[in-house]
Structure formats: structure tokens, C-alpha cells
Amino acid sequence: MLTIEAQWFDISFLNVHAPTEDKSQDEKETFYEQLESLQKPIPSDRIQIVLGYLNAKVGKETMFRQVAGKYSLHDETNDNGHIKKYVHLTNYSINRLSSRYTENEDADACQGHKWTLRSLWTYMEKGRKIDVKKLWKSLEDLVVKTVISGESPMAMSQMCSSNLCNRYNAYELFGIDVLFDEYLKPWILEVNISPSLHSSSPLDLAVKGPLVKDLMNMAGYHIPNKMSHSTHNYLLKVLGVKSILCYDKRLYTLNLSAKEKEKEEYYTNIESREEYIDSILDDLLPDNIRHLIVYEDEITQVGSFQKVFPTTSSSKYHKYFDSSRYYNMLLDAWECKYSNNRGEGTAVLEKLCQLKIHLEVPDIDEEE
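Since this is a predicted model, take the numbers as computed values, not measurements. (Residues numbered from 1 in each chain as written. Predicted model: local features only at pLDDT ≥ 70, side-chain atom pairs only at ≥ 80, totals over all residues. Heavy atoms only, no water.)

Participant: Help me get a handle on the nonpolar core, residues and values and all.
Facilitator: In this structure, Ile280, Leu284 and Trp334 are the most contacted members of the largest nonpolar core, which totals 22 residues. Ignoring any residue separated from it by four or fewer positions in sequence, one finds tryptophan 334 in contact with Leu281, Leu284, Leu292, Tyr295, Glu296, Ser339, Arg342, Gly345 and Leu349. Formed by seven residues, the second largest nonpolar core is a distinct cluster that contains Leu14, Phe31, Tyr32 and Ile42. (Core = buried A, V, L, I, M, F, W, Y, C linked by side-chain atoms within 4.5 Å. Buried < 20%, exposed > 50% of the residue type's maximum accessible area, 1.4 Å probe, protein only. Contact = heavy atoms within 4.5 Å.)

Participant: Give me the lowdown on helix α1 (residues 25-39), citing residues and values where you can.
Facilitator: An ideal rise of 1.5 Å per residue puts 21 Å on 15 residues; α1 measures up with 21 Å between its terminal C-alpha atoms. Here α1 has its buried residues at Lys28, Phe31, Tyr32, Leu35 and Gln39. Buried residues of α1, seen end-on, are gathered within an arc of 90 degrees and therefore sit on one face of the element. In α1, the exposed positions angled more than 90 degrees off the buried face are occupied by Asp26 and Gln34. (Helix = DSSP H or I, 4+ residues; strand = E, 2+ residues; numbered from the N terminus. Expected span 1.5 Å × (residues − 1). Arc of directions from axis to C-beta.)

Participant: Before we move on, could you go through the packing of helix α13 (residues 286-300) against helix α14 (residues 326-338) and cite the residues and values that matter?
Facilitator: The geometry of α13 relative to α14 is characterised by a closest axis approach of 11 Å and an angle of 60 degrees between their N-to-C directions. The angle between α13 and α14 falls in the class oblique. Read as a crossing pair, α13 and α14 show a hand that is right-handed. Judged by residue contacts, Asp287, Asn288, His291, Leu292, Tyr295, Glu296 and Ile299 of α13 engage Tyr326, Tyr327, Leu330, Leu331, Trp334 and Glu335 from α14. Looking at the contact of α13 with α14 residue by residue, the classes come out as eight nonpolar, two polar and three charged. (Axes fitted to C-alpha atoms, helices over the stretch in contact; angles between N-to-C directions. Parallel < 35°, antiparallel > 145°, perpendicular 65-115°, else oblique. Left-handed = near helix turned anticlockwise from the far one by under 90°. Nonpolar A, V, L, I, M, F, W, Y, C, P; charged D, E, K, R; others polar.)

Participant: An account of the side chain of arginine 290 is requested, with residue identities and associated values reported.
Facilitator: Structurally, arginine 290 can be placed in helix α13. No salt bridge is formed by the buried arginine 290. Its closest oppositely charged neighbour is glutamate 260, at 4.0 Å. Among all residues touching arginine 290, those that are not within four sequence positions of it are Arg167, Arg250, Leu251, Thr253, Asn255, Glu260, His358, Glu360 and Val361. (Lys, Arg positive; Asp, Glu negative; His and termini not counted. Salt bridge = Lys/Arg side-chain N within 4 Å of Asp/Glu carboxyl O.)

Participant: Please set out a negative patch on the surface residue by residue, giving values where relevant.
Facilitator: A contiguous patch of negative charge on the surface is contributed by Glu21, Asp22, Asp26 and Glu27. Tracing the sequence through the fold places aspartate 26 in helix α1. (Patch = residues over 30% accessible without salt bridge, like charges linked within 9 Å, V, L, I, M, F, W, Y side chains within 5 Å. Areas by Shrake-Rupley, 256 points an atom, 1.4 Å probe, with all protein chains shown as cover. Charge placed at Lys NZ, Arg CZ, Asp CG, Glu CD.)

Keep in mind that these numbers describe shape and distance, not what the molecule does.
Set out below in C-alpha cells:
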């Protein structure tokens, strides 16, 4: 094993030579047990990369297409390719192909091969006396670190820059697959950028229906300011609405004023949390207010979602970002000041909005 100390995290390389296909099943099982025992002492925050000769050939069979695709070099999978396949291939789309797969139609039942998370927690807590709160904390930690690891390409991808002209409803739903080992340590399996929302059973409907509802409520929908004045007035009358229907495009501008740029540059260059935690909220500029408005709006609509970042303790993750994030600092300070009294925080924002400070934008936005 070789460990390299990097700037943000360490990487352990394990070089292995697996038993060939003609070896006995006991020898193969012993190899995997030894490999697992070698991996266990490695700290959870260290990246592990297994290299070497594993002697496994995965074929073009349908059940392996989600792992290797349909263009494998081999037509058929050898015995080493099959070894422990039901341990390592845990995706539902694979497991349901088994002849022993058992359906579960009840969202509250602890039976069958597909459970809700609520049922799993109930089973672990009551049936196995496991501290599920501790387990959930380890999942939160894993999710936050996973998202941070892909934060830069997600936020700065070519698709985002080419399709988003402002911050209005720029959301992404990810599906994160996690495996718990025998010590209840969570391991990330994969992150789906387009998780399936297809519902083929009452259990699916019980889980995915509320998820979609909460997701849409949290994202919100503001009517774009594209309709004529007469149409707008007609709809106000028909709907019985007394406020303006369409959103103001100034709320989601990406442009910053010179003063806002200066403040952002100052805080992204400071070295410690103590230098910003008490001062960054002293002079809330229009851009700051706009971000905080959206943030507080989202919190009121989370439904069954749970916010894991930012929180009053999430500043410990700031070191994992590839550079300082101004809005991480802003929201960190906001959480520390108002997390126990959100009403006080929203009152501050309401007062500033009454003065229309949040609608102050650079001249370039006015011209557009």
C-alpha cells in the first residue's frame, strides 16, 4: 500500500494480485477477506484506489450492462467476474432480476428486498438496537463531502454557463447510492445525475410522490415577466390576486456592482473564520440580500427534506473546497446569528426589502 499526502486529502493506493480463475473458491474468498482487512484501518476521509490484476472478466450479459455497458471486451463473464456479484452489485435494477427477489408493496413494512428508509431505521433501531441518529450523521457527512468533491464542475460546467442567464430556478436533483459495511460505515457507490422518479408500485408512490412535491415547492415557480400589461391585469382580476404576478428579473441577476465585487474580494482573501463571522453581515449589500431572500424562502418549503449545508457547524467543510467561497461565509454567518430565531432574520430582510435595496442592480441590468 502506498499513501500520498495531498493538499486537501490523502490518497491510498493498494496494489493487489487476485487469485486466477482456476483457484478454489476458498482461496478467492480468503483473498477478498484479506483485502477488506487491509482497507479497514484506512481513515474514512482518505481516498482509496485499488490497482493490480484482479483477473475478472465481465461479459455482455444484460445484468452487467449498468456496470460495464454493452461494449465489454468479453462475451461471457468468467467465474471471477461473478464472484460476490450479489454483494457488490446492490442497485435495485440489478437485484430485481434475481429469481429470489421479493416484492414489497407496503411503505411501512420491513420485508421484501426494497424498503423505505423509514422502515430501515425502524428495523435497525428496534430490532438491532442501533443508534440511527449516529448513523444519519455519518450519512450527512458523506453526502456533504460527496457534493463538495464535485462542486466546481457542477457549478461551473459548460452546460450551466450556456443555459443559465440568471439564478432563477437553477436546481439539480441527485440520487446518492450508499452502502453500509459490517461496521455500519457508509461508503459511496455512485451519484446519479438523473435519479429515477418512475413509480411502479405503491411503495414507489409513497416515497417519490412526496419527494417531487417537496422538491417543486422548494424550488418554487415565479411567472416570467413576459406577458402584456392587459393580460396581467386580466389575470389579477380572474385569480383574485392583489400582488404582482410576475417575478422581477432583478432578483436573479448574476451581475455585481463595483462595491459588491470589492466586498467579495476582501472576504475571499481572509484567512480565518473569526475574521468574517461577525462582520460580513454588518453591511448587507443588494446582492447579499437577494441570496438571503432565496435561502430563507427555500427553508420555509423544505417539507421532508433536511438541510445539511449550511448549518451552524458546517464551516468545518470549508477547507475541502478548492478555493474560498464568499457565499459559504455569508450563509455561515447568517446561520450562526439567526438559526435559533429565523423570524428575527426574516424581519431584517423584510425591512431592507421595504426600502427596495434588494432591487438595486448594476446599470447593465437596467439596460437589459
